Each structure stands twice: as structure tokens, then as C-alpha cells.
Amino acid sequence: MKVVVDYFKDIFGGIKTLITGMKVTGKYFVSPGEIVTQQYPENRETLQMFDRFKGEVIMPHNDKNEHKCTGCGICEMNCPNGSIEIISKWEIVDEKKKKAIDKHIYHLSMCTFCGLCVKTCPSKALAFGQEFEHSVFDRSQLTKILNKPNSVVTKDLKE
Ligand code: SF4
Ligand code: SF4
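Model, not experiment: these values are computed from the prediction.

Caption draft 1: The overall build of the protein chain, seen in detail. Helix and strand content of the protein chain: four helices and seven strands. Going from N to C terminus, the protein chain has its helices and strands arranged as α-β-β-α-β-β-α-β-β-β-α.

Written out as C-alpha cells, the structure is:
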């Protein structure tokens, strides 16, 4: 007998939760209020992701093509899955030999967006960008060099 009671109890429980869910759906169906869904990809031109969105790791440059990366390698050491490779070079600055970034290589295909590189960079050279359309036919396109061609480290940082 108990088995039969439990059986019908489960059925009524299921119907009750279904009605609870449908009440929310129904409320938005008849009176949408604030519309939170967006017509993607039709809204590509105007689409703005929220500030904390982690689309990809980027290296911001200023209008003089300067960035803040010193090539210290801390992000490479802290990345838990080897998504970053730092290739550094030596530069002569004021007749002194100084280490500088040659290529900051970022493998987006391996990145888990944990944020450790961004958080631990001592010069705040990295950030998260908002780009999220990363589908490509050739995965080598997901390997990016974050420092732009001919860019240099900002002077403010060196001094
Ligand atoms: S991005 Fe930051 S942590 Fe990484 S090499 Fe450049 S300065 Fe160092
Ligand atoms: S976000 Fe995390 S996984 Fe991605 S590159 Fe930075 S440290 Fe590596």
C-alpha cells in the first residue's frame, strides 16, 4: 500500500513543481516587464558584454603603441595549464642591457579563464577582453601574440 501512496505522491509532487515553473514562464509570457533576452547574432553591432565578462586574455596598449609588460615571466609561471609562453629579448636602454618582452604568446585554446595571469601580473599589463566569438576552422588561429608589432613597454613603468 505504501508503495502505491509514494507513487501517487511523486506524481503530484512532479505536477506541483511543473506548475510552479510554468507560473514564472506564464507571468513573463503575458507581462514581459524587463526584457533580459537578446536577439543574437542580430544584435552583434550593439552587443555589450558586462564588465566582468572573461572573453579572452588581452594586453591593452595605449595610443602610442605602448603596453605595460616587462617580460618578467610571472604570468607564464602562474598559468596552471601552460597557456602562456614568454619570449624575452635583451635591449640596450641608456647604455644598460635590459630584459624586455619579445613575444607574449597566449594559447586561447588551452585557457580556462581562471584569471591568475591577470591577477598576478605585477605591472597590470593584462586584462580580460570581451570578444567571445572564437570559433575557427584552424586551431592555430587561437594562438595569439598579445604584444602588438613594434610596441614597446611604457616609459612610465621603466622609471
Ligand atoms: S604580462 Fe605581466 S606577468 Fe606576464 S610577463 Fe608581462 S609583466 Fe610579467
Ligand atoms: S586565465 Fe588562467 S588559464 Fe588562462 S592564460 Fe591566464 S592563468 Fe592561464
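Caption draft 2: Region of the structure containing the site of ligand 1. As a matter of local geometry, ligand 1 sits amid Cys69, Thr70, Gly71, Cys72, Gly73, Ile74, Cys75, Ile86, Cys121, Ser123, Ala125 and Leu126. Looking at the shell around ligand 1 residue by residue, the class counts come to eight nonpolar, four polar and no charged.

Caption draft 3: Local environment of the environment of Ile101. Looking at where Ile101 falls in the secondary structure, it is placed in strand S4 (residues 96–107). Owing to 23 C-beta atoms within 10 Å, Ile101 belongs among the buried residues under this scheme. Measuring from C-alpha to C-alpha, the distance between Ile101 and Cys72 comes to 8.0 Å, with 29 residues separating the pair along the chain.

Caption draft 4: The arrangement of unusual backbone geometry in detail. Across the junction of Tyr40 and Pro41, the peptide omega takes the value 10°, indicating a cis bond. Topologically, Pro41 is positioned in the loop between helix H1 (2–30) and strand S1 (56–58). Backbone geometry at Asn150 places phi at a positive 65°, although glycine is not the residue there. Mapping Asn150 onto the fold places it in the loop between strand S6 (143–145) and strand S7 (152–153).

Caption draft 5: Seen up close, H1. Here H1 is 29 residues long and its end C-alpha atoms lie 41 Å apart, about the 42 Å a rise of 1.5 Å per residue gives. Across the 29 residues that make up H1, only a small minority, zero, are buried.

Caption draft 6: Quick look at the pairing of S4. As paired strands, strand S3 (residues 84–93) and S4 are joined by 10 bridges and run antiparallel to one another. Counted as the bridge partner of Ser88 is Ile101 from S4. Adjacent in sequence and paired antiparallel, S3 and S4 are bridged by two residues, among which Asp94 carries a positive phi angle near 50°. Pairing geometry for S4 and S6, over three bridges, is antiparallel. Within S6, the position partnered with Ile105 by the bridge is Ile145.

Caption draft 7: Just the nonpolar core, in detail. Among the nonpolar cores identified, the biggest contains 13 residues, and Met59, Cys69, Cys75, Ile84, Cys117 and Leu126 are the most heavily contacted of them. Once residues within four sequence positions are removed from consideration, Leu126 is found in contact with Val57, Met59, Cys75, Cys117, Val118 and Cys121.

Caption draft 8: Seen up close, the sheet that holds S6. If you trace the three strands from one edge of the open sheet to the other, you get S3-S4-S6, paired in antiparallel fashion. Lying at the two open borders of the sheet, with one neighbouring strand each, are S3 and S6. Ignoring strand direction, the axes of neighbouring strands in this sheet form an average angle of 25°.

Caption draft 9: Looking closely at the domain arrangement of the protein chain. Partitioning the protein chain into structural domains gives domain 1 (1–37) and domain 2 (56–158). Taking only C-alpha atoms into account, the centre of domain 1 sits 50 Å from that of domain 2.

Calculation criteria
- Residues numbered from 1 in each chain as written.
- Chains lettered and ligands numbered in written order.
- Predicted model: local features only at pLDDT ≥ 70, side-chain atom pairs only at ≥ 80, totals over all residues.
- Helix = DSSP H or I, 4+ residues; strand = E, 2+ residues; numbered from the N terminus.
- Near = placed C-beta within 6 Å.
- Nonpolar A, V, L, I, M, F, W, Y, C, P; charged D, E, K, R; others polar.
- Buried ≥ 20, exposed ≤ 12 C-beta atoms within 10 Å, placed from the backbone.
- Expected span 1.5 Å × (residues − 1).
- Pairing = 2+ DSSP bridges.
- Core = buried A, V, L, I, M, F, W, Y, C linked by C-beta atoms within 7 Å.
- Contact = placed C-beta atoms within 7 Å.
- Axes fitted to C-alpha atoms, helices over the stretch in contact; angles between N-to-C directions.
- Domains from an automatic or database assignment.

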